[in-house]
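Each chain, written out:
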Amino acid sequence: MSEYGIKPYSKAVVKLLKGVVENNDTVWSDILTYQTEIQDYISLMGLELILKKDEGFAFIKQRTIDDAKTVNLVSRRQYGFELSVMLVVLRQMLEDFDSNPTLSQATDKYVTAFEIKEETEMFLPSTYNKAKFEKELDNNIERIVDFGFLVAPKSNDGETRYKIHRIIKEKITLDDLLDFKKQLNDYDTSDQSI
């Protein structure tokens, strides 16, 4: 500890407070070394360290207090309808990829904007403005990249491919998938907003 009370893992805590830390980050080894100390430190603020060594990333999330309330230190985003559907589709695509034994050699799932569009359109209600969706598709994909659920494009023969970041499995659980699909079905039959 320095004379200012700075801990050897302080830089790692600051990076974690800003967002997801990947295994290629300079503070990754500090997170692994000081995992217990980091957890003890951030737990004072109602936060929890989530470390996914096998998948190569770490982040913090808020612990829930009574009645599913939190301290509100970690920013929460409200996604619009289109983004929500796209996120659910990406989460489902990753789930399908992980459960397909023929793809067990690969560790990462890549998708194109066209694949995202095709899959998402299947989930949009029949009354939804699909022309508007297509017009805003690239902007929505960029927002998802900014949120960290897609990794910046990898070009292959002129085709842009995005890696689905595995953090999406932590942020959108299987229960969330089922709930959202039920809401989509209800939305399509009742013509009311989610």
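Before reading on, note that the structure itself is shown above.
By convention here, each chain's residues receive numbers from 1 onward along its written sequence. With the structure being a predicted model, the display of local features is reserved for residues of pLDDT at least 70 and the display and counting of side-chain atom pairs for 80 or more, all residues being used for whole-chain, interface and lining totals. Only hydrogens and water are set aside; all other atoms, that is, all heavy atoms of the structure, feed into the side-chain values.

Visitor: Where do I start with the pattern of salt bridges in this structure?
Guide: Pairing between side chains becomes possible if they bear opposite charge and their charged atoms approach one another. Salt-bridge detection follows one rule: a side-chain nitrogen of Lys or Arg within 4 Å of a carboxyl oxygen of Asp or Glu. For the coordinates displayed, the defined rule picks out ten salt bridges. A salt bridge links R91 to E95; the nearest nitrogen and oxygen atoms lie 2.7 Å apart. Placement of both R91 and E95 in helix 4 (residues 81-98) is noted, with a separation of four residues, approximately one turn of the helix. Here E121 makes a salt bridge to K117, at a shortest N to O gap of 3.4 Å. Highlighted residues: E121 and K117, both in helix 5 (residues 113-123), separated by four residues, approximately one helical turn. Only DSSP runs of H or I covering at least 4 residues are called helices, and only runs of E covering at least 2 are called strands; the numbering of each starts at the N terminus.

Visitor: Looking at this model, I keep getting lost on the nonpolar core. Mind explaining?
Guide: Buried together is how nonpolar side chains tend to be arranged in soluble globular proteins. Ranked by internal contacts, the top residues of the largest apolar core, which has 32 residues, are L90, V111, I144, L150, I164 and I168. When contributions to this core are tallied by element, the ones reaching two or more residues are strand 3 (57-62), helix 4, helix 7 (137-147), strand 6 (159-164), helix 8 (167-171) and helix 9 (174-190). When near neighbours in sequence (up to four residues on either side) are disregarded, I144 contacts L83, M86, L87, L90, F149 and L150. What we call a nonpolar core is a set of buried Ala, Val, Leu, Ile, Met, Phe, Trp, Tyr and Cys residues that are connected through their side-chain atoms within 4.5 Å. Accessibility here uses a 1.4 Å probe with only protein chains present; expressed as a share of the type maximum, an area under 20% marks a residue as buried, one over 50% as exposed, and anything in between as partly exposed. Counting 15 residues, the second largest nonpolar core, distinct from the first, contains V27, I31, L47 and I60. Any pair of residues with heavy atoms lying within 4.5 Å of one another is described as a contacting pair.

Visitor: Looking at this structure, I do not really get the sheet that holds strand 3. What am I missing?
Guide: Two modes of strand pairing occur in sheets, parallel and antiparallel, and in both the strands are linked by backbone hydrogen bonds. The pairing criterion for strands is at least two bridges between them, as found by DSSP. Spatially, three strands are ordered 1-3-2 in an open sheet, and the strand pairing comes out antiparallel. The open sheet has two edge strands with one neighbour each: strand 1 (21-22) and strand 2 (47-52). Pairing geometry for strand 2 and strand 3, over six bridges, is antiparallel. Paired with L47 across the bridge in strand 3 is Q62. Helix 1 (residues 10-18) contacts strand 1, strand 2 and strand 3 of the sheet and is inclined by roughly 70° relative to strand 3. Note on geometry: axes are C-alpha line fits, over the in-contact stretch for helices, and angles between N-to-C directions span 0 to 180 degrees. Together, strand 2 and strand 3 form the strand contacts of helix 3 (residues 35-43), whose direction differs from that of strand 2 by roughly 150°.

Visitor: Please explain the packing of aromatic side chains as it appears in this structure.
Guide: Any two aromatic rings considered together are summarised by their centre-to-centre distance and by the angle between their planes. For Phe, Tyr and Trp, where Trp contributes only its six-membered ring, two rings pair if their centres lie within 6.5 Å, and the inter-plane angle classes them as stacked under 30 degrees, edge-to-face over 60, or tilted in between. Evaluated as defined, the whole model comprises three aromatic pairs. Seen in terms of ring centroids, Y9 and Y34 are 5.6 Å apart; in terms of plane orientation they differ by 45°. Their pairing is tilted. You can see Y9 sitting in the segment before helix 1 and its partner Y34 sitting in the loop between helix 2 (28-33) and helix 3, a full 25 residues away along the chain. Using a relative accessible area of 10% as the deciding quantity, one classes Y9 as buried. Counting every residue linked through ring pairs, the aromatic cluster contains Y9, Y34 and Y41.

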